[in-house]
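Architecture and fold: a report
So the chains spell out like this:
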Amino acid sequence: MPVSLTTLRAMKQRGEKFAMITCYDTIFAQTMNAAGVECLLVGDSLGMVLQGHDSTLPVTMQDMIYHTQCVARGNSNAFLLADMPFMSYGTPNDALENAAALMRVGAHAVKLEGGAWLADTVSQMARCGIPCCVHMGLTPQSVHVFGGYKVQGKTPDAAAKLIEDAKIVEQAGAALILLECVPTAVAAQVTASVSIPVIGIGAGKDCDGQVLVVHDMLGLHQGKPARFVKNFLVGQTSIQDAFVAYVQAVKTQSYPAPEHGFN
Ligand SMILES: Nc1nc(=O)c2c([nH]1)NC[C@@H]1CN(c3ccc(C(=O)N[C@@H](CCC(=O)O)C(=O)O)cc3)CN21
Ligand SMILES: CC(C)C(=O)C(=O)O
Ligand SMILES: [Mg+2]
């Protein structure tokens, strides 16, 4: 049986962790499926790792549709999540139309960056049969608001706001939450505060699932990688084995280790 939201919710309830990796093409989708990776994310990080931009802002709907199509052709068993790019969901109407385009080419759900302000959009999407993942914490499409890729939710007020926002989007009908670069203890609190699965990156081991950019986890990066990155190709003799090692590390909670998180 292919991995679905039902599978992921059951895993959260059992306390079983699941693994997600970004994926942008067919052969990687096939290889991740063979390795037992539960979820694939067609991330707008493709603007950085595939296209060479210094942010995700230039990525278009056309780019996301193309890569989602490529991944969907190679996918057989994984849950397929697609990012909605910058300014494709500024109004609920834009969000519905653009999410539909991603679902038509094979996405099983779409991911939007934001918080409580997305509640109306999320509920309209849910009503139309489009499951949403709300990406909170460090939301890279707001890099120019933050003034850099900085850890979020560090003050007690900011942490409380994250927890509040998580409850609001859950209530609105969100299917998943993704937390990026928030203190480990705050991510644990968010994960315990909602019954929908929470996926983390730089958010510690207590989230229900983990995600990494595929290039990062294979040791492909220019300069110093972010703190949460681990090279899973080390000690393996194939890319498929690196994916297997990552899935195993997530399930046994040996990744992320304390040093991959923020305090
Ligand atoms: N290759 C790649 N990997 C990613 O994880 C990723 C992308 N690209 N592109 C889109 C966003 C940008 N992301 C980033 C980029 C940099 C940091 C970073 O350098 N963070 C600092 C924390 C700084 C602080 O302490 O506030 C770190 O040390 O990890 C984090 C997330 C995550 N996403
Ligand atoms: C880093 C992950 C969470 C993402 O949104 C992306 O790859 O675009
Ligand atoms: Mg993204």
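Calculation criteria
- Residues numbered from 1 in each chain as written.
- Chains lettered and ligands numbered in written order.
- Predicted model: local features only at pLDDT ≥ 70, side-chain atom pairs only at ≥ 80, totals over all residues.
- Heavy atoms only, no water.
- UniProt positions renumbered as here; feature names shortened; annotations may be inferred.
- Helix = DSSP H or I, 4+ residues; strand = E, 2+ residues; numbered from the N terminus.
- Rg over C-alpha atoms; globule rule 2.2 N^0.38 Å.
- Buried < 20%, exposed > 50% of the residue type's maximum accessible area, 1.4 Å probe, protein only.
- Areas by Shrake-Rupley, 256 points an atom, 1.4 Å probe, with all protein chains shown as cover.
- Lys, Arg positive; Asp, Glu negative; His and termini not counted.
- Charge placed at Lys NZ, Arg CZ, Asp CG, Glu CD.
- Salt bridge = Lys/Arg side-chain N within 4 Å of Asp/Glu carboxyl O.
- Polar contact = N/O pair within 3.5 Å; in protein donor to acceptor, adjacent residues only side chain to side chain.
- Contact = heavy atoms within 4.5 Å.
- 1 Å grid on protein atoms, 1.4 Å probe; cavity = no way out; pocket = protein on both sides within 12 Å on 5 of 7 lines; lining within 4 Å.
- Donors = N, O, S within 2.8 Å, 3.2 Å for Na, K, Ca; no water.
- Near = heavy atom within 4 Å.
- Phe/Tyr/Trp six-rings, centres within 6.5 Å; stacked < 30°, edge-to-face > 60°.
- Patch = residues over 30% accessible without salt bridge, like charges linked within 9 Å, V, L, I, M, F, W, Y side chains within 5 Å.
- Sits in = over half its atoms within 2 Å of the grid points.
- Nonpolar A, V, L, I, M, F, W, Y, C, P; charged D, E, K, R; others polar.

In the annotation of an unreviewed UniProt entry, the protein chain is listed under the name 3-methyl-2-oxobutanoate hydroxymethyltransferase and assigned to Agitococcus lubricus. Recorded under Subcellular location (unreviewed entry), the UniProt text for the protein chain is reproduced unchanged: "Cytoplasm". You can read under Catalytic activity (unreviewed entry) in the UniProt record for the protein chain the words "(6R)-5,10-methylene-5,6,7,8-tetrahydrofolate + 3-methyl-2-oxobutanoate + H2O = 2-dehydropantoate + (6S)-5,6,7,8-tetrahydrofolate".

**Observations concerning the overall build of the protein chain**
What the protein chain contains, in helices and strands, is 11 helices and eight strands. At 17 Å, the protein chain has a C-alpha radius of gyration in line with the 18 Å of a compact globule built from 263 residues. Expressed along its principal axes, the backbone C-alpha trace of the protein chain runs to roughly 45 × 40 × 40 Å. Buried residues in the protein chain amount to 57% of all 263 residues. If you sum the accessible surface of the protein chain, you get close to 11,200 Å²; carbon and sulfur atoms cover 54% of it. A distance of 5 Å separates the average location of the 17 positive side-chain charges in the protein chain from that of its 21 negative side-chain charges.

**Notes on the side chain of Asp44**
Along the chain, the position of Asp44 falls in the loop between β2 (39-42) and α3 (46-49). Buried charge without a salt bridge: Asp44, with Lys111 as the nearest opposite-charge side chain at an N-O distance of 5.4 Å. Within the structure, the side chain of Asp44 is placed 2.6 Å from the side chain of Gln141, a separation counted as a polar contact. Once residues lying within four places of it in the same chain are set aside, the contact partners of Asp44 are Thr56, Val59, Met64, Asp83, Met84, Glu113 and Gln141.

**Describing the UniProt feature "binding site: 3-methyl-2-oxobutanoate" (unreviewed entry) in the protein chain**
The sites that UniProt annotates as "binding site: 3-methyl-2-oxobutanoate" (unreviewed entry) are Asp44, Ser45, Asp83 and Lys111. Across 68 residues of sequence, these annotated residues stay compact in space, with a maximum C-alpha separation of 12.5 Å. Of the annotated positions named here, the largest pocket is lined by Asp44, Ser45, Asp83 and Lys111. Structurally, the position occupied by Asp83 is in strand β3 (residues 79-83). Topologically, Lys111 is positioned in strand β4 (residues 109-113). Lys111 has contacts with Leu41, Leu81, Ala82, Asp83, Met84, Cys133, His135 and Leu178, leaving out every residue within four places of it along the chain. Separated by 2.6 Å, the side chains of Lys111 and Asp83 make a polar contact.

**Examining the coordination of the magnesium ion (ligand 3)**
On the protein side, the magnesium ion (ligand 3) has Asp44 (OD) and Asp83 (OD) as donor atoms, found 2.1 to 2.2 Å from it. Highlighted residues: Asp44 in the loop between β2 and α3 and Asp83 in strand β3, separated in sequence by 39 residues. One exposure class covers both Asp44 and Asp83, and it is buried.

**Concerning the site of ligand 1**
Neighbouring ligand 1 are 18 residues, the closest being Met48, Val151, Glu180, Asp216 and Arg227. Between ligand 1 and Glu180 there is a distance of 3.4 Å, counted from a nitrogen atom to a side-chain nitrogen or oxygen. The contact in question runs from a nitrogen atom of ligand 1 to an N or O atom on the side chain of Asp216, over 2.6 Å. Out of a free accessible area of 670 Å², ligand 1 has 74% covered by protein chains.

**A few points about the packing of aromatic side chains**
Each aromatic ring pair is described using two quantities: the centre-to-centre distance and the angle formed by the ring planes. By the definition in use, this model includes five aromatic pairs. Both rings, one in Phe28 and one in Phe243, keep their centres 6.4 Å apart while their planes meet at 55°; by these two values the pair is tilted. With Phe28 in helix α2 (residues 26-34) and Phe243 in helix α11 (residues 239-251), this residue pair connects regions lying 215 residues apart in the sequence. On the accessibility criterion, Phe28 (26% relative accessible area) is partly exposed.

**Here's the deal with a nonpolar patch on the surface**
Taken together, the side chains of Met48, Val49, Leu50 and Tyr149 define a hydrophobic patch exposed on the protein surface, amounting to about 320 Å² of accessible area. Here Met48 lies in helix α3.

**As for the site of ligand 2**
Around ligand 2, the neighbouring residues are Thr22, Leu41, Gly43, Asp44, Ser45, Asp83, Lys111, His135, Leu178, Ile201 and Val213. Between an oxygen atom of ligand 2 and a side-chain N or O atom of Asp83, the distance comes to 2.9 Å. Note that an oxygen atom of ligand 2 is positioned 2.7 Å from one of the side-chain N or O atoms of Lys111. Calculation on ligand 2 without its partners gives an accessible area of 260 Å², and the protein chains cover 95% of this total. Here ligand 2 is seated within the largest pocket. Classifying every residue of the shell around ligand 2 by side-chain character gives four nonpolar, four polar and three charged.

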